[in-house]
Amino acid sequence: MKIQMLGTGSAFAKTFDNNNALLTVDGRKLMIDCGITAPKALFNLGYNFGDIDALLLTHMHADHIGGVEEFAFQMKFLYGRKPLLYVADTLVDPLWEHSLKGGLQQNPDDTLADYFDVKPLPEGVPHELLPGLRAELLLTRHIPNKASYSLLLNETFFYSGDMVYDPDLLESLVNDRGVNVIFHDCQLHPPGAVHACLPQLLTLPAHIQRFVYLMHYGDDQPEFVGRTGTMRFLEQHAIYDLDDLTKK
Ligand SMILES: Nc1ccn([C@@H]2O[C@@H]3COP(=O)(O)O[C@H]3[C@H]2O)c(=O)n1
Ligand SMILES: [Zn+2]
Ligand SMILES: [Zn+2]
């Protein structure tokens, strides 16, 4: 599996694009989240929406879903096909009713299914998204009373949707489930009200920090290089082979 971050920025970052990712497995591509900057980021990297087989959404903030309307319209009117859309079963209805309907609805009975092959995912149940790519959604804490999901990919790769610091979860993923790569959102400055912040992540024990790669950071990230313990920053646009990350 290869993973390329289309962006590694926080919601308000301007020098980094939204924290969205492109996974390639056996020649097929799945996007994790599709924020406001995703259409331009894909274009700048030489891709287009026609290259994408499936989209997986973590939660309903614009840096994660703000590009979905363009994705849907391009697939319908430029590429003439419905991509797979994986989203938590609890978010299917709000995604359409609260975020997409205003732009995408053309006829009164239009739904998300007019644009996507919608695959609602229950929490905690592993599912094959593409051949060779399995995912389990984990409900993780982000905004009170607003569902947000993190991802356990192919059993050992944890990818945080936006989430607060949850050391118990990280400990149990590593100790009990064999997770050996953790991509984690990281707010550089405290307090970590809705995201884990760097001072909190720096308190993780060394045997966890060595698996952690930081993403979803602010524009002043360059000032923090070398100040992240044994955790490393992900670089947007770099292509990482998961096998290489697990060997480090
Ligand atoms: N209760 C909240 C809600 C939102 N926010 C900020 O708005 C951003 C929305 O995208 P995000 O990536 O989840 O990061 C959120 C916070 O920066 C915040 O700081 N506190
Ligand atoms: Zn975000
Ligand atoms: Zn968020």
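Keep in mind that what you see is a predicted model, and the values were worked out from it rather than measured.

Asks: Help me get a handle on the domain arrangement of the chain, residues and values and all.
Replies: How big an interface is tends to be stated in terms of the accessible area lost upon association of its parts. Partitioning the chain into domains gives domain 1 (1-122) and domain 2 (134-235). Here the C-alpha centre of domain 2 lies 22 Å away from the C-alpha centre of domain 1. Counting residues at the interface gives 28 residues for domain 1, matched by 23 residues for domain 2. Surface buried jointly by domain 1 and domain 2 totals about 2,000 Å² across both partners, of which 65% is contributed by carbon and sulfur atoms. The interface formed by domain 1 and domain 2 includes zero salt bridges. At the junction of domain 1 with domain 2, the criterion picks out 14 residue pairs in polar contact (both at pLDDT 80 or more). Looking at the side of domain 1 that touches domain 2, the elements that each hand over two or more residues are β1 (2-5), β2 (21-25), α2 (62-65) and α4 (89-104). Here the residues of the side of domain 1 that touches domain 2 are counted per class, giving 15 nonpolar, eleven polar and two charged.

Asks: Please provide a residue-by-residue account of the coordination of the zinc ion (ligand 2), values included.
Replies: Surrounding the zinc ion (ligand 2) are the protein donor atoms D63 (OD), H64 (NE2), D162 (OD) and H216 (NE2), which sit 2.1 to 2.3 Å from the metal. Mapped onto the polypeptide sequence, the residues donating to the zinc ion (ligand 2) form the spacing pattern D-H-x97-D-x53-H. In this structure, the zinc ion (ligand 2) lies 3.7 Å from the zinc ion (ligand 3), and both are coordinated by D162.

Asks: An account of the coordination of the zinc ion (ligand 3) is requested, with residue identities and associated values reported.
Replies: Around a metal, the ideal angle is 109.5 degrees if four donors adopt a tetrahedral arrangement and 90 or 180 degrees if six donors adopt an octahedral arrangement. With distances of 2.2 Å, the protein atoms coordinating the zinc ion (ligand 3) are H59 (NE2), H61 (ND1), H142 (NE2) and D162 (OD). All donors to the zinc ion (ligand 3) come from one chain, and their sequence spacing reads H-x1-H-x80-H-x19-D. A residue is classified by how much of its surface remains accessible, and D162, at 2% relative accessible area, is buried.

Asks: Summarise the site of ligand 1; cite the residues concerned and give the values.
Replies: Contacts to ligand 1 come from A11, F12, H61, D63, H142, I143, D162, V194, H195 and H216. Within the side chain of D63, one N or O atom sits 3.0 Å away from an oxygen atom of ligand 1. In the complex, 62% of the free accessible area of ligand 1, which totals 430 Å², lies under the protein chains. Among the residues forming the shell around ligand 1, the class breakdown is four nonpolar, four polar and two charged. Residues from two domains meet in the shell around ligand 1; each of domain 1 (1-122) and domain 2 (134-235) gives at least three.

Asks: So what's going on with the nonpolar core? Residues and values would help.
Replies: With 60 residues, the main nonpolar core has L30, M31, L55, L153, Y159 and F183 as its most contacted residues. Counting residues per element, this core draws most heavily on α4, at six residues. When residues of this core are sorted by domain, at least three fall in each of domain 1 (1-122) and domain 2 (134-235). Setting aside residues no more than four positions away along its own chain, L153 makes contact with M1, L23, I32, L133, R134, A135 and Y159. Core analysis: the second largest hydrophobic core is formed by 27 residues, Y165, L170, L188 and M231 among them.

Asks: Any chance you could break down the packing of helix α3 (residues 68-79) against α4 for me, citing the residues and the numbers?
Replies: Packing of α3 against α4 leaves a shortest axis separation of 10 Å and a crossing angle of 45 degrees. By the angle between their directions, the pair α3 and α4 is classed as oblique. Considering how the two elements wind past one another, α3 and α4 form a crossing that is right-handed. Across the interface between the two elements, V68, E69, A72 and F73 from α3 touch L100, G103 and L104 from α4. Here the residues of the contact of α3 with α4 sort into five nonpolar, one polar and one charged.

Asks: Before we move on, can you summarise helix α5 (residues 167-177) with the specific residues and values?
Replies: Residues of α5 that are buried: L169, L170, L173 and V174. Angular distribution of buried residues about the axis of α5 spans 125 degrees; they occupy a single face of the element. Within α5, the exposed residues directed more than 90 degrees away from the buried face are D168 and D176. Of the surrounding secondary structure, the elements contacted by the buried residues of α5 are β8 (133-139), β9 (149-153), β10 (157-159), β11 (181-185) and α7 (206-209).

So, how was this worked out
Residues numbered from 1 in each chain as written. Chains lettered and ligands numbered in written order. Predicted model: local features only at pLDDT ≥ 70, side-chain atom pairs only at ≥ 80, totals over all residues. Heavy atoms only, no water. Domains from an automatic or database assignment. Contact = heavy atoms within 4.5 Å. Buried area = accessible area lost by both parts, 1.4 Å probe. Salt bridge = Lys/Arg side-chain N within 4 Å of Asp/Glu carboxyl O. Polar contact = N/O pair within 3.5 Å; in protein donor to acceptor, adjacent residues only side chain to side chain. Helix = DSSP H or I, 4+ residues; strand = E, 2+ residues; numbered from the N terminus. Nonpolar A, V, L, I, M, F, W, Y, C, P; charged D, E, K, R; others polar. Donors = N, O, S within 2.8 Å, 3.2 Å for Na, K, Ca; no water. Buried < 20%, exposed > 50% of the residue type's maximum accessible area, 1.4 Å probe, protein only. Near = heavy atom within 4 Å. Areas by Shrake-Rupley, 256 points an atom, 1.4 Å probe, with all protein chains shown as cover. Core = buried A, V, L, I, M, F, W, Y, C linked by side-chain atoms within 4.5 Å. Axes fitted to C-alpha atoms, helices over the stretch in contact; angles between N-to-C directions. Parallel < 35°, antiparallel > 145°, perpendicular 65-115°, else oblique. Left-handed = near helix turned anticlockwise from the far one by under 90°. Arc of directions from axis to C-beta.

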